[in-house]
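A look at the structure
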Amino acid sequence: MGRLGFVGCCYLLAPWMGLDSFTVDPRIAEVWPLGGVGFVLLTLVWDLDRPSLLGVLGAMVVVVTVTALALGQPPSYAVWFGVVAVLQPLAMAAAYRRGRGAPGWSPRHAADVGTLLAAAVVSSLLVGLLGGYPGLALTDLPSKVLLWWVLRNAVFSFVGGLILCVLLHREEPEALAPSAWFHRVGLAAVAALCVVGTYHDPSLPLSWLLIVPSVWGGMTLTVRGTAWLTLYVALVAAGMTYLPQNQFGYAGLLPAASIVDLLVVASSAFALLLALMRDQRARLIEQLDARGRESEAQRGLLEAVLDAMEEGVLVVGPEGVRRHNSASRQLLGRPVPLDHDIAWSETYGLQTLDGQPLTDDVLRRVLYEGEDGDRLEVRVGRGADARLLEVSAQSVQHGTRASRLLLLHDVTAQRARVRELSSFASMVAHDLRGPLTVLDGWLEVVEDDPGQGEAALARARDASQRMRQVIEDWLNYAVVQEGRLHPEVVALDEVVGGLVESRRSAGLDHDEPRFELDLAHRVRADPGLLRQLLDNLVDNAVKYTAPGEVPVVTLRSHEDDEPGWVRVEVVDRGIGVPEGEEERIFEEFHRGPAEGRSQGTGLGLALTRRIVAMHGGQMTARRNPGGGSTFAFTVPAA
Ligand code: ADP
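Residues numbered from 1 in each chain as written. Predicted model: local features only at pLDDT ≥ 70, side-chain atom pairs only at ≥ 80, totals over all residues. Heavy atoms only, no water.

Here's the deal with the overall build of the protein
Put simply, the test is: Under the scheme used here, helices are H or I runs from DSSP no shorter than 4 residues and strands are E runs no shorter than 2 residues, and both carry numbers assigned from the N terminus. All radius of gyration figures rest on C-alpha atoms, and the globule criterion is 2.2 Å times the number of residues raised to 0.38. Relative accessibility thresholds used throughout: buried, under 20% of the residue-type maximum; exposed, over 50%; partly exposed, between the two (1.4 Å probe, protein chains only). Note on definitions: a residue-residue contact is assigned when non-hydrogen atoms from the two residues lie within 4.5 Å. For the accessible areas, the method is Shrake-Rupley and the probe is 1.4 Å, while residue cover comes only from the protein chains on display. We treat Lys and Arg as the positive residues and Asp and Glu as the negative residues; His and chain ends play no part in the count. Think of each charge as sitting on NZ of Lys, CZ of Arg, CG of Asp or CD of Glu.
Summing up its helical and strand segments, the protein has 18 helices and 13 strands in all. Taking 638 residues into account, the globule formula puts the C-alpha radius of gyration at 26 Å, and the protein, at 51 Å, lies well above it. Across its three principal directions, the C-alpha atoms of the protein cover 150 × 55 × 55 Å. Split into buried and exposed, the 638 residues of the protein put 45% on the buried side. A separation of at least 24 residues holds for 65% of the contacts in the protein among residues at least 6 apart in sequence. Total accessible area on the protein stands at roughly 32,400 Å², and carbon and sulfur atoms take up 59% of it. Across the protein, the centroid of the 56 positively charged side chains sits 7 Å from that of the 74 negatively charged ones.

This is the structure in structure tokens:
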């Protein structure tokens, strides 16, 4: 609103200033601000609704007509003059807005400055052709005076429009840093001197000086700064023209006054163009910096993601590895040199699954030349450290270069698990087949000779119990492998009490076992798993006591050396764990040399150690000096 009020006031003064300076030469005014101010006024009201815009246009016509009447113009001419004087800024605004091709008024690019200049020239020519300049009759056409008028009006419209559009409409924040004070003060002084120098002599020998402030300003000021500079130069120049001694004459086709007009256009456009270009450059640099920072951040993120991956990732091209993550280094077991071709098989000791050296040709065929998704399984390293890697390849674009993305997946554990499961399955089948054969045999005996029924049934029952044990071990193992812990406070004597009770009535091969209990502690453990663990240990203690002997099992607890832990020991007086196998007996499916004497799957101790580990504790086994074994484990105290 403030801007509209200010420009409106300027518009009230503009026709008067122009018509009043209409004295220098009989035909042409010295200053002619009407077109420029009118144009800027229209830019401020352009987006109003149609009736308001028409109202403003009407008011503009009235202002010009009334001023012309007041300054003694005949009424018919005053009205015509009023209409045409408004038509020109209207045509200029419409042409500029259309040519600019985007909303907004402040010039952003060099092309916008050119569009504004073209709009100013064409609309000024239109006014001239319609005989809208004071003192220019249609009968004068074509004449030098028309040329001068068009030039003057175009210059004032263009320069005024340019300055005010930047000052009133520019919305984007300045990309250029504000200039130092000495540039501003120096420019003000030098610009004033240059204008005075230009006006010093109507033959214009020093007029080129005007280029100095425009270059200086264009190179150091912000875009707005150059608009202020141009306004300042224009005001100083306009002020100078009011001095009678400074009026250039109108002689020849292009008189000195018109040359000054052109100079003002050139210097103001030049300053602004320079500043706009610097502004654009600064914006581009800012964008580039932002993109650079963004891509740097993305690169960091990608790197972090790659390094956090368990899979090895390698990007390879014909000249070697271009990129890799830390997992690939670990999986291959050696550093991966970048950007130089390596003999893969030799460097990393790659072999086929059956241990044969893998030739680079095979590798190359699958990894470099194969289809996307092709896979290859390779063995890396030898002995206990050997790993099985599944390598898959895919084509990717790395920068501008075509590359292959290799994913290394460690399948050692997976393959071991598959092997383990298949041996587990065959062992279960084997373990079940024995008792089944026994069962079949005894059932046949009963069929053939029903008199043997009692003995046969007892044997058949043994066989079925044996099968039950195999199945239970199998199930427990599977459950504990996948299971979750639900710890709670458990009194050891309660768990063991229940367990001992059930055992007293189940002794088949042995006399009823004897238990010695000293379990005063409470622990924090999963009651179901703890029971299973103790059950296994007690089971073994009974099982690995020589037939005919009464199994004696001692269960005791005491505080562990490590604070917060309770140590539980299961001591028997049986055959003792096989010498030197105190650790191996905890391996899955491992059975001691006593296996011939007892039934089992070799899973019981693996299971117990796993349960202890799930609670964070440790488990050991040892032979007792006086015979038998001690199995000890730790659990968190309650
Ligand atoms: P399984 O009893 O089914 O063979 P385990 O994992 O429970 O499987 O035990 C593995 C091996 O450890 C047994 O084969 C046996 O040699 C040995 N072992 C386990 N407990 C005892 C024990 N209390 N006394 C002697 N040896 C034992």
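Describing the state of the cysteines
Note the threshold: Defined by distance alone, a disulfide is two cysteine sulfur atoms within 2.5 Å.
Tallied over the entire structure, the rule returns zero disulfides. In this structure C10 is a free cysteine whose sulfur lies 7.0 Å from that of C9, the closest cysteine sulfur available. Note on C165: no disulfide assigned, nearest cysteine sulfur contributed by C10 at a separation of 14 Å.

Let's talk about the sheet that holds strand β2 (residues 320-324)
Threshold: We call two strands paired when DSSP finds no fewer than two bridges between them.
Read from one edge of the open sheet, six strands run β2-β1-β6-β5-β4-β3, paired in antiparallel fashion. Each edge of the open sheet is held by one strand with a lone partner, namely β2 and β3 (350-351). Bridge count for strand β1 (residues 312-317) against strand β6 (residues 401-410) is five bridges, and the pairing is antiparallel. Within β6, the residue paired with G312 across the bridge is L408.

Comments concerning the pairing of β6
Examined bridge by bridge, strand β5 (residues 387-398) and β6 share ten bridges and lie antiparallel to one another. What sits directly across from S392, in β6, is L407. Counting the residues that bridge the hairpin from β5 to β6 gives two residues, and of these G399 lies at a positive phi of roughly 65 degrees.

What about a nonpolar patch on the surface?
Filter applied, for reference: Like charges within 9 Å and nonpolar side chains (Val, Leu, Ile, Met, Phe, Trp, Tyr) within 5 Å are joined into patches, using only residues over 30% in relative accessible area that form no salt bridge. By definition here, a salt bridge exists when the distance from a side-chain nitrogen of Lys or Arg to a carboxyl oxygen of Asp or Glu is within 4 Å.
Nonpolar side chains collect at one region of the surface, where L206, W208, I211, V212, V215, M219 and F270 lie side by side and expose about 580 Å² of accessible area between them. Mapped onto the secondary structure, V215 falls in helix α8 (residues 211-220). With relative accessibility at 33%, the residue V215 sits in the partly exposed group.

A short note on the nonpolar core
Defined as follows: As used here, the term nonpolar core means buried Ala, Val, Leu, Ile, Met, Phe, Trp, Tyr and Cys residues forming a set that is joined through side-chain atoms within 4.5 Å.
The biggest cluster of nonpolar side chains holds 71 residues, and the ones touching the most others in it are Y11, W32, L34, F39, F81, W149 and F158. If you look at the next biggest cluster of nonpolar residues, it comprises 39 residues, including L529, L530, V542 and V612.

With respect to the site of the ligand
Going by this rule: Put simply, a residue is near a molecule or strand once any heavy atom of it comes within 4 Å of that molecule or strand. Here a polar contact is recorded for every N or O atom pair within 3.5 Å, except that within protein the pair must consist of a potential hydrogen donor and a potential acceptor, and residues adjacent in sequence are included only if both atoms are side-chain atoms.
Residues in contact with the ligand amount to 20 residues; listed here are only the nearest, N540, Y544, R591, T601 and L605. The side chain of R591 places a nitrogen or oxygen atom 2.6 Å from an oxygen atom of the ligand. Between an oxygen atom of the ligand and a main-chain N or O atom of G604, the distance comes to 3.3 Å. Relative to its free-state accessible area of 530 Å², the ligand is covered by the protein chains to the extent of 99%.

Quick look at the packing of aromatic side chains
So the rule is basically this: Under the pairing criterion, centres of Phe, Tyr and Trp rings, with the six-membered ring standing for Trp, must be within 6.5 Å; the plane angle then separates stacked pairs below 30 degrees from edge-to-face pairs above 60, leaving the rest tilted. Working rule: Lys NZ or Arg CZ, within 6 Å of ring centre, within 35 degrees of ring normal, means a charge sits over the ring.
Taken as a whole and judged by the stated rule, the model has ten aromatic pairs. Look at W32 and F81: their rings are 6.1 Å apart centre to centre, the planes differ by 40 degrees, and that puts the pair in the tilted class. Pair noted here: W32 is in the loop between α1 (2-20) and α2 (34-45) and F81 is in helix α4 (residues 75-100), with a separation of 49 residues, a long-range link. Each member of the pair W32 and F81 is classed as buried. Feature note: the residues W32, Y77, F81, Y133 and W149 constitute an aromatic cluster, connected by ring pairs. Directly above the ring of F586 sits R609, whose terminal nitrogen or CZ lies 4.1 Å from the centroid.

Considering the sheet that holds strand β8 (residues 514-518)
Definition in use: Note on definitions: angles span 0 to 180 degrees between N-to-C directions of axes, and those axes are lines fitted to C-alpha atoms, for helices only across the stretch in contact.
Taken in spatial order, the five strands make up an open sheet running β8-β10-β11-β13-β12, and their pairing is mixed. The open sheet terminates on both sides in strands that have one partner only, identified here as β8 and β12 (619-623). Pairs of neighbouring strands in the sheet enclose a mean axial angle of 15 degrees, with direction left out of account. Contacts from helix α17 (residues 527-543) reach β8, β10 (552-559), β11 (565-572), β12 and β13 (629-636), with the element oriented near 175 degrees to β13.

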